[in-house]
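Structural overview for review
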Amino acid sequence: MLSGRLALVTGGGRGIGREVCKLFAREGARVAVADLDQDATRETLKEMGGEDNHFGVEADVASLDSIKNTSSEVFKKFGEHPSIVVNSAGITRDGYLLKMSEPNFDQVINVNLKGTFNVNQTFAAAMKSAKINPGSIINVASISGQVGNAGQTNYSASKAGVIGFTRSAAKELGKFGIRVNCIAPGFIQTPMTDTIPDHIKQMLLFQIPMGDFGKPEDIAEVAVFLASDRSRYMTGSILSVNGGLY
Ligand code: NAP
């Protein structure tokens, strides 16, 4: 579904981002795997079957300079800009509001929300100037940004921000043929959720109508749909992938 397309995936070194990279590659895309952690990036490339068509590149989504550099490196490597961008990089620094430190609040906002600005602005500008049409940008929010979650005021605020950002960017960029959509995952089994204690996981499981946690592959399938022309008339949409939890 994606043959001939060049995609960039932030947070591609682990979890959901890694599965998106692998499925995009299977669907025929060339993929730039962008992450802070180059060991993780190399592992993703290995699981994708090597570097012949793909490329590992350093990216700190919290820094606009770093993302501009990532964009230049990708252009140097492929001689073109990506027509698909998935922004999966994200962090949690959980804690109850009354105990949350200011650095933990700021870090989460800087990576999850400011990172969304840095990635969307840089790659949308590249798509527009290269007259790439169609272009597809996919942001990753969370059910926490839709319904809230105790212990996650910082994370929920950042992800609610990603939803509002996506809706507004879609309104600005539609006229250039650039679609901007968002996936809001529920509980997905990745390194991010591995550290949640088992008794909390059991409590969560009872609340999920489908009776199971999601897999990163479940999010990757939706990302392929949003990246491809099968969703050509969709922009500004928030797709919930949460087993019925919300
Ligand atoms: P993950 O397994 O922790 O993977 C996130 C990846 O992003 C890691 O490779 C991480 O690198 C990278 N990253 C962190 N900060 C970065 C930065 N500043 N610049 C570039 N890369 C950075 O998490 P995940 O579960 O796959 O989550 C992916 C996205 O889905 C996130 O936006 C998350 O908020 C969202 N989400 C996840 C769930 C879930 O249940 N898993 C639910 C809802 C939403 P390091 O490992 O080196 O930090």
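Refer to the structure above for everything that follows.
A short tour of the structure in this document, coming up. (Residues numbered from 1 in each chain as written. Predicted model: local features only at pLDDT ≥ 70, side-chain atom pairs only at ≥ 80, totals over all residues. Heavy atoms only, no water.)

End to end, helix α1 (residues 15-26) covers 17 Å across 12 residues, agreeing with the expected 16 Å (1.5 Å per residue, within 8%). In terms of burial, α1 is largely enclosed, as 11 of its 12 residues are buried. Buried residues of α1: G15, I16, G17, R18, E19, V20, C21, K22, L23, F24 and A25, and no others. Downstream of α1 by one or two residues, G28 has phi in the positive range, about 100°. (Helix = DSSP H or I, 4+ residues; strand = E, 2+ residues; numbered from the N terminus. Expected span 1.5 Å × (residues − 1). Buried < 20%, exposed > 50% of the residue type's maximum accessible area, 1.4 Å probe, protein only.)

A separate point is the pattern of salt bridges. For side chains of opposite charge, pairing can occur when their charged atoms come near one another. A complete count under the given rule lists eight salt bridges for this structure. With a closest N to O distance of 3.2 Å, K22 and E19 form a salt bridge. Of this pair, K22 and E19 both sit in helix α1, separated by three residues, roughly a single helical turn. An identical accessibility class is assigned to K22 and E19; each is buried. (Salt bridge = Lys/Arg side-chain N within 4 Å of Asp/Glu carboxyl O.)

In the neighbourhood of the ligand, 28 residues make up the surrounding shell, with R14, I16, Y155, I188 and T190 lying closest. At 3.0 Å from a nitrogen atom of the ligand is found a main-chain nitrogen or oxygen belonging to V61. Between the ligand and T190 there is a distance of 2.5 Å, counted from an oxygen atom to a side-chain nitrogen or oxygen. Within the residue set of the shell around the ligand, elements represented by two or more residues are α1, α6 (153-173) and α7 (191-194). If you tally residues by element for the shell around the ligand, the top one is α7, at three residues. Taken together, the residues that form the shell around the ligand break down as 15 nonpolar, eight polar and five charged. (Near = heavy atom within 4 Å. Polar contact = N/O pair within 3.5 Å; in protein donor to acceptor, adjacent residues only side chain to side chain. Nonpolar A, V, L, I, M, F, W, Y, C, P; charged D, E, K, R; others polar.)

To continue, consider the pairing of strand β5 (residues 135-140). Counting buried positions along β5 yields six of six residues, so the element is predominantly enclosed. By the bridge criterion, four bridges tie strand β4 (residues 84-87) to β5 in an arrangement that is parallel. Across the sheet, the residue bridging to V86 is I138, located in β5. The parallel pair β4 and β5, bridged by helix α4 (residues 102-129), forms a crossover whose chirality is right-handed. Of the pairings in the sheet, the one linking β5 to strand β6 (residues 178-185) comprises six bridges and is parallel in character. Paired with V140 across the two strands is I183, which belongs to β6. (Pairing = 2+ DSSP bridges. Right-handed = clockwise from strand over helix to strand, strands pointing away.)

With that settled, the discussion passes to the packing of aromatic side chains. Summed over the entire model, instances satisfying the criterion amount to two aromatic pairs. Taking 6.1 Å as the distance between ring centres and 80° as the angle between the ring planes, the aromatic pair formed by F55 and F78 counts as edge-to-face. You can see F55 sitting in strand β3 (residues 55-58) and its partner F78 sitting in helix α3 (residues 64-78), a full 23 residues away along the chain. Since its relative accessible area comes to 16%, F55 is described here as buried. Between F187 and F213, the aromatic rings sit 4.2 Å apart at their centres with planes inclined by 35°, giving tilted as the arrangement. In this pair, F187 sits in the loop between β6 and α7 while F213 sits in the loop between α8 (198-207) and α9 (216-227), placing the two residues 26 residues apart along the sequence. The same class applies to F187 as to F213, namely buried. (Phe/Tyr/Trp six-rings, centres within 6.5 Å; stacked < 30°, edge-to-face > 60°.)

Let's shift gears to a negative patch on the surface. A contiguous patch of negative charge, built from D212, E217, D218 and E221, is present on the exposed surface. Looking at the secondary structure, you find D218 in helix α9. For D218, a relative accessible area of 35% corresponds to the partly exposed category. (Patch = residues over 30% accessible without salt bridge, like charges linked within 9 Å, V, L, I, M, F, W, Y side chains within 5 Å. Areas by Shrake-Rupley, 256 points an atom, 1.4 Å probe, with all protein chains shown as cover. Lys, Arg positive; Asp, Glu negative; His and termini not counted. Charge placed at Lys NZ, Arg CZ, Asp CG, Glu CD.)

Another aspect to go through is the sheet that holds strand β1 (residues 6-10). Read across the sheet, seven strands follow the order β3-β2-β1-β4-β5-β6-β7 without closing on themselves; strand pairing throughout is parallel. Two strands in the sheet have a free side with no partner beyond their single neighbour: β3 and β7 (238-241). Pairs of neighbouring strands in the sheet enclose a mean axial angle of 20°, with direction left out of account. Across four bridges, the pairing between β6 and β7 is parallel. Following the sheet pairing, C182 is matched in β7 by I238. Where α1 meets the sheet, it contacts β1, β2 (30-35), β4 and β6, and its direction lies at approximately 170° from that of β1. Where α3 meets the sheet, it contacts β1, β2 and β3, and its direction lies at approximately 155° from that of β3. (Axes fitted to C-alpha atoms, helices over the stretch in contact; angles between N-to-C directions. Contact = heavy atoms within 4.5 Å.)

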